[in-house]
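# Structure assessment
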Amino acid sequence: MIAATRNYLRFLWRCGRIAFVGDWRYYAWMGVLTIVSLVGLHAYSRQLVDGLVVTGMGDEVSWGVYIANFTFLVGVAAAAVMMVIPVYIYDNEELHDLVIFGELLAVAAIIMCLAFVTVDLGRPDRFWHLIPVIGQFNFPASMLSWDVLVLNGYLLLNVHICGYLLYCRYHDRKPARWFYIPFVFIAIFWAVSIHTVTAFLYVGLGGRPFWNSAIVGPRFLASAFTAGPALIILALQVIRHVTHYRITDKALLTLRSIVQVSMLINVFLLINEVFKEFYSGNHHVASAKYLFIGLHGHHALVPWIWTAIGLNVTAMVLLCLPLSRSLKWLNLTCVMAILGIWIEKGMGLVVPGFIPTPLGEVIEYTPSLNETLVCFGIWAFGLLCYTIFLRMAVPILQGRLAKANEGRPEIQGDEQEIPAAFPSKPDRIPTPTAH
Amino acid sequence: MATPPPVPSDKTSDRALSRRSFLRSTAALSGLTALAASLSPLRELDDFTSTEQFLQKYYKELTPEEMTRVLARIEKEVERQYGIRPHVRDLRPMDGVEFVYCLNLTRCIGCRKCVHACVAENNLSRDPEIQYIRVLKLPHGSLDVEKAEHKYTADQVPEKGFFYLPVQCQQCRNPACVKVCPVHATWQESDGITVIDYDWCIGCRYCEAACPYWARRFNFAKPGLPAERINPDMSYLGNRPRKLGVMEKCHFCIQRTRAGRYPACLEVCPVGARKFGNILDPNSEVSYILREKRVFIQLKEEMGTSPRFFYYFDK
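Residues numbered from 1 in each chain as written. Chains lettered and ligands numbered in written order. Predicted model: local features only at pLDDT ≥ 70, side-chain atom pairs only at ≥ 80, totals over all residues. Heavy atoms only, no water.

## Quick notes on the overall build of chain A
Our working definition: Under the DSSP-based scheme used, a helix requires at least four consecutive residues in state H or I and a strand at least two consecutive residues in state E, with every element numbered from the N terminus. Just to be clear, the radius of gyration here is over C-alpha atoms, and the globule rule we use is 2.2 Å times residues to the power 0.38. Residue contacts are defined here by distance: any two heavy atoms, one from each residue, within 4.5 Å place the two residues in contact. To be clear on the numbers: accessible area is Shrake-Rupley with a 1.4 Å probe, and residue cover counts the displayed protein chains and nothing else.
When helices and strands are tallied, chain A shows 14 helices and zero strands. Ordered by position from the N terminus, the helices and strands of chain A form the series α-α-α-α-α-α-α-α-α-α-α-α-α-α. A compact globule built from 435 residues should have a C-alpha radius of gyration of about 22 Å, and chain A, at 23 Å, falls within 12% of that. Counting only C-alpha atoms, chain A reaches 75 × 55 × 40 Å along its principal axes. In chain A, once contacts between residues fewer than 6 apart in sequence are set aside, the share between residues at least 24 apart is 77%. In the form shown here, chain A has an accessible surface area of approximately 18,200 Å², with 71% of it arising from carbon and sulfur atoms.

Structure follows, in structure tokens:
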């Protein structure tokens, strides 16, 4: 028992150490992310002192970019399932060794989600009121209490799955199936649940006709399964570029098919929504009017939503063309899809729900500088976490960070000089020459 | 003349080691400095949550003794902040009472006296301005709020061709706000008033998004309340000064109505458009109105919220 704990602590210590080691590009990247995170932290400290008045929000538009980013990132987290399903249900070979990068992205995305909700709270010092048993947890009535449960549950599931598999790999032993396969399958359903619950957060509000629509849940899933895998396509190429970890083009193209189908469904659902809103022409169309064409001379969101639609439709067309089999075009398409969905689902969903107010007043919303800095800070922090996770996971998966080489000098950030293909047996790992 | 021997590249040499540890400690030090600098605005936190307040229990779980201590703490805090010793009570709902508000749209002239009486009575923030009552100016014949003018500035009211619709918390029987609160910080009391525990609210603003009447107000900034304007007659669930980052709204002047008085908005109304009372008492004015008037309406009845706030018309 003591030995096991010591082993585990030693494993954590080595993982932690390696996060601080890398080549100059690694230091530059981490340095920039750290600086942006700290700038965000500074902006948040300002908000803690002065209140949410430093944001662009008010009683009319009482949720803004924080909740918009939160909603988008829940989708990114849920999208890990789009790698898990092919691997664990359809035994996809190409994605098999990559699925963990999707799950780690989910962990980083959930961390960002939790940060975005926290910065949106007026009284973060009272967070403990939300903790079941010691606080007053309004479960199951409040959809927000469901969200707290499913998000934290999803975080734990993914931390467990990734942590366990990496630890086994570190020891070069076969993971016990019963100890992670059930969790993988729970996580598949759980992933769908986190985004459905987040959709219900909006759908459940009868006083907001723009959100009170059954299609919001399906739209959330479709857009999540577009933007999430698109982000993973980009992330995998970065990993391949800087670490020589074996990532095949075929794997990227498998993800491309997922993005393709999801984007088609996403645009189809958008058309459904737009038709329902505008054709019937009843009063509930006010928010949609504000979003798409402007209302009573107010049209702050109109250029945004049309940019989003333009990006999404172009991405959809590109995805359907053989052109996007070339990685250059695929990357461009992915960037367009991510941006399009970020706008559509964030600002395009959260903000117009508040405009006009239930009493018919049109007050527009623009995020303030301070609010924007907090958002950048959280994104940078999330990327920082994801980079650290990858920094630990890649050498473990490659077998370079293993129990077997514990006593030897720690590896440095010299991935480039090590041959691309690695034998899996730790005793055959090329270790850096001892000085 | 001879060139000095090249520095050995051996990384384990003393020089390389000390250079490395120097770099490390410099990096760690500058990291900590940057962290401290980014947290620097926190030095301005003057109204930091006290341990007592941080650990304060939920309203419904406070024993009478604990409540006494909490009320004393609030009195002390208000006195320290505003220099006025208030009288803070925790008034409980009366048995056999369910409050209902009736507002006569034929009479209302849109003078907004109710708005300002409410601000004064309930210690509402003057800067930034928070108001519980919003009076809508509507064109003759339409109850469509999207046609309403909110910030009308007429020299004289009423204006011809318009009528006025004051909206405040509708004290719903089936409140959307209560259902969504993740921490039970807002609930409906037995006398029908939906209240907020300002010391329990976490400030997520979900209730504000849920309310179909736009009745809730959030303290985005620290409430600006001039000491000379303080109303010292306070209650825990009512008009005691709020803190930064919590929700508030109309509570039918709980500090008055639970002590047998009328709400401030009713008392100030120059045309007698506002009626308030106990619907469980068949002899009350509100019972009479709801029994005898041919038409009365609940705003957005289709929401299923079933407001305790009724609008009615004279002939």
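Now that the structure is up, let's keep going.
## A few points about the overall build of chain B
Note the cut-off: When a residue's accessible area, from a 1.4 Å probe over protein chains only, is under 20% of the maximum for its type it is buried; when over 50% it is exposed; and in between it is partly exposed. All tallies of charge rest on Lys and Arg as positive and Asp and Glu as negative; His and the ends of each chain are not included. Lysine's charge is taken at NZ, arginine's at CZ, aspartate's at CG and glutamate's at CD.
A tally of regular secondary structure across chain B gives nine helices and twelve strands. Over its C-alpha trace chain B gives a radius of gyration of 28 Å, far above what one expects of a compact globule, namely 20 Å for 315 residues. Considered along the principal axes of its C-alpha atoms, chain B spans approximately 115 × 50 × 40 Å. Out of the 315 residues in chain B, the part that is buried amounts to 52%. If you take every contact in chain B between residues at least 6 apart in sequence, the share linking residues at least 24 apart comes to 65%. Accessible surface, chain B as shown: approximately 15,400 Å² in total, 55% of it carbon and sulfur. Distance between charge centres in chain B, computed from 46 positive and 38 negative side chains, equals 3 Å.

## Points about the nonpolar core
The line we're drawing: To qualify as a nonpolar core, a set must consist of buried Ala, Val, Leu, Ile, Met, Phe, Trp, Tyr and Cys residues joined through side-chain atoms within 4.5 Å.
By size, the foremost hydrophobic cluster in this structure holds 227 residues, and its most contacted members are F101 and L236 of chain A. One finds I289, L290, F310 and Y312 of chain B within the second-largest nonpolar core, a separate group that totals seven residues.

## Brief notes about the pairing of strand 4 (residues 162–167) of chain B
All names here are of chain B. The following threshold applies: Only strands joined by at least two bridges in the DSSP assignment are considered to pair.
Burial analysis of strand 4 places five of its six residues in the buried class, which makes it a mostly covered element. As paired elements, strand 3 (residues 134–139) and strand 4 share six bridges and run antiparallel to each other. Directly across from L138, in strand 4, lies its bridge partner F163.

## A closer look at the packing of helix 4 (residues 81–88) of chain A against helix 9 (residues 216–243) of chain A
Residue and element names in this part refer to chain A. What counts, and what does not: Here an axis means a line fitted to C-alpha atoms, over the contact stretch when the element is a helix, while the angle between two N-to-C directions is reported on a 0 to 180 degree scale. The scheme is simple: roughly parallel for angles under 35 degrees, roughly antiparallel for over 145, roughly perpendicular for 65 to 115, oblique for anything else. Residues are grouped as follows: Ala, Val, Leu, Ile, Met, Phe, Trp, Tyr, Cys and Pro are nonpolar; Asp, Glu, Lys and Arg are charged; all remaining types, including Gly, are polar.
The interhelical angle for the contact between helix 4 and helix 9, taken along N-to-C directions, is 80 degrees, at an axis separation of 9 Å. Classed by the angle they form, the pair helix 4 and helix 9 counts as roughly perpendicular. Between helix 4 and helix 9, the contacting residues are V81, M82 and M83 on the first element and F225, P229, I232 and L236 on the second. When grouped by side-chain class, the residues that make up the contact of helix 4 with helix 9 number seven nonpolar, no polar and no charged.

## Points about the interface of chain A and chain B
Formally: A quick way to say it: buried area is the sum, across both parts, of accessible area lost when two parts are put together, with a 1.4 Å probe. One side-chain nitrogen of Lys or Arg within 4 Å of one carboxyl oxygen of Asp or Glu is enough to make a salt bridge.
Listed as interface residues are 53 residues of chain A and, on the opposing side, 60 residues of chain B. Where chain A abuts chain B, roughly 5,000 Å² becomes buried across the two surfaces, and 58% of that area is made up of carbon and sulfur atoms. Of all residues in chain A, the largest losses of buried area upon contact with chain B belong to D59, Q136 and L359 of chain A, amounting jointly to 16% of the total for that side. Between chain A and chain B we count four salt bridges in total.

## Points about the sheet that holds strand 2 (residues 99–104) of chain B
Residues and elements named next belong to chain B. Taken in spatial order, the four strands of this open sheet run 10-2-12-11, and their pairing is mixed. Across the chains shown, the open sheet's two edge strands, defined by having one partner strand only, are strand 10 (274–278) and strand 11 (296–297). In terms of strand pairing, strand 2 meets strand 10 through five bridges, oriented antiparallel. Each bridged residue has a counterpart across the sheet, and for F99 the counterpart in strand 10 is N278. Along the sheet, helix 9 (residues 285–292) makes contact with strand 2, strand 10, strand 11 and strand 12 (309–312), crossing strand 10 at roughly 110 degrees.

## Quick notes on the packing of helix 8 (residues 181–203) of chain A against helix 9 of chain A
A pair of packed helices can be characterised by two numbers: the angle between their axes and the separation between those axes. Residue and element names in this part refer to chain A. Quick note on the threshold: Left-handed is the label given to a crossing in which the near helix is rotated counterclockwise from the far helix by less than a right angle, and right-handed is the label when the rotation is clockwise.
Contact geometry for helix 8 and helix 9: axes closest at 8 Å, N-to-C directions at 135 degrees. As summarised for this structure, helix 8 and helix 9 are arranged oblique, according to the angle between their axes. Crossing geometry of helix 8 relative to helix 9 is assigned as right-handed. Only V216, G217, F220, L221 and A224 of helix 9 make contact with helix 8, whose side of the interface consists of V192, H195, T196, T198, A199, Y202 and V203. A class-by-class count of the residues in the contact of helix 8 with helix 9 yields eight nonpolar, four polar and no charged.

## As for helix 4 (residues 113–121) of chain B
Residue and element names in this part refer to chain B. Within helix 4, burial applies to C114, V115, A117, C118, V119 and E121. In this fold, the buried residues of helix 4 make contact with strand 3, helix 7 (254–257), helix 8 (264–268) and strand 10. Positioned one or two residues after helix 4, N123 has a phi angle of 55 degrees, which is positive.

## Some remarks on the side chain of E189 of chain B
The residue E189 of chain B is located in the loop between strand 5 (186–188) and strand 6 (194–196) in this model. Excluding anything up to four places from it in sequence, E189 of chain B contacts Y59, P93, V195, L237 and R258 of chain B.

## With respect to unusual backbone geometry
The peptide bond linking F139 of chain A to P140 of chain A adopts the cis configuration, its omega dihedral lying at 5 degrees. Topologically, P140 of chain A is positioned in the loop between helix 6 (99–120) and helix 7 (143–171). With an omega dihedral of -5 degrees, the bond running from I355 of chain A to P356 of chain A counts as a cis peptide bond. If you trace the backbone, P356 of chain A turns up in the loop between helix 13 (327–350) and helix 14 (369–398). Phi angles above zero are rare outside glycine, and R112 of chain B is one such case at about 65 degrees. Along the chain, R112 of chain B falls in the loop between strand 2 and helix 4. Judged by its relative accessible area of 23%, R112 of chain B falls in the partly exposed class. One non-glycine residue with positive phi stands out, namely K300 of chain B, at about 45 degrees. Among the secondary structure elements, K300 of chain B is positioned in the loop between strand 11 and strand 12.

## Description of the packing of aromatic side chains
The condition that has to hold: Each aromatic pair joins two rings of Phe, Tyr and Trp (for Trp, the six-membered one) with centres within 6.5 Å, and gets the label stacked for planes under 30 degrees apart, edge-to-face for over 60, and tilted for any other angle.
On inspection of all chains with the given rule, the structure shows 39 aromatic pairs over all chains. With centroids separated by 6.2 Å and ring planes inclined at 90 degrees, the aromatic side chains of W63 of chain A and Y202 of chain A adopt a geometry described as edge-to-face. One end of the pair, W63 of chain A, is in the loop between helix 2 (24–50) and helix 3 (65–78); the other, Y202 of chain A, is in helix 8, with 139 residues separating them in the sequence. The buried category is assigned to Y202 of chain A, whose relative accessible area is 0%. For the pair Y152 of chain B and Y164 of chain B, a centre-to-centre distance of 5.4 Å together with 50 degrees between the ring planes defines the contact as tilted. Of this pair, Y152 of chain B sits in the loop between strand 3 and strand 4 while Y164 of chain B sits in strand 4, placing them twelve residues apart in sequence.

## With respect to the confidence of the model for chain A
What counts here: Each residue carries a pLDDT value, the predictor's own confidence for that position, ranging from 0 to 100.
On average, residues of chain A score 91 in pLDDT, and 94% of them reach the 70 mark or higher. Counting interchain partners and residues more than four positions distant, the pLDDT-below-50 stretch residues 414–435 of chain A has 26 contacts.

## Structural notes on the pattern of salt bridges
Applying the stated criterion across every chain, the model contains 39 salt bridges over all chains. As a salt-bridge pair, K403 of chain A and E406 of chain A come within 3.1 Å of each other at their nearest N and O atoms. Residues E149 of chain B and K137 of chain B are paired through a salt bridge, measuring 3.3 Å at the closest nitrogen-oxygen approach. In this pair, E149 of chain B is assigned in the loop between strand 3 and strand 4 and K137 of chain B in strand 3, connecting sequence segments twelve residues apart. Linked by salt bridges that have partners in common, R73, E77, D197, D199, R240 and K243 of chain B make up one network.

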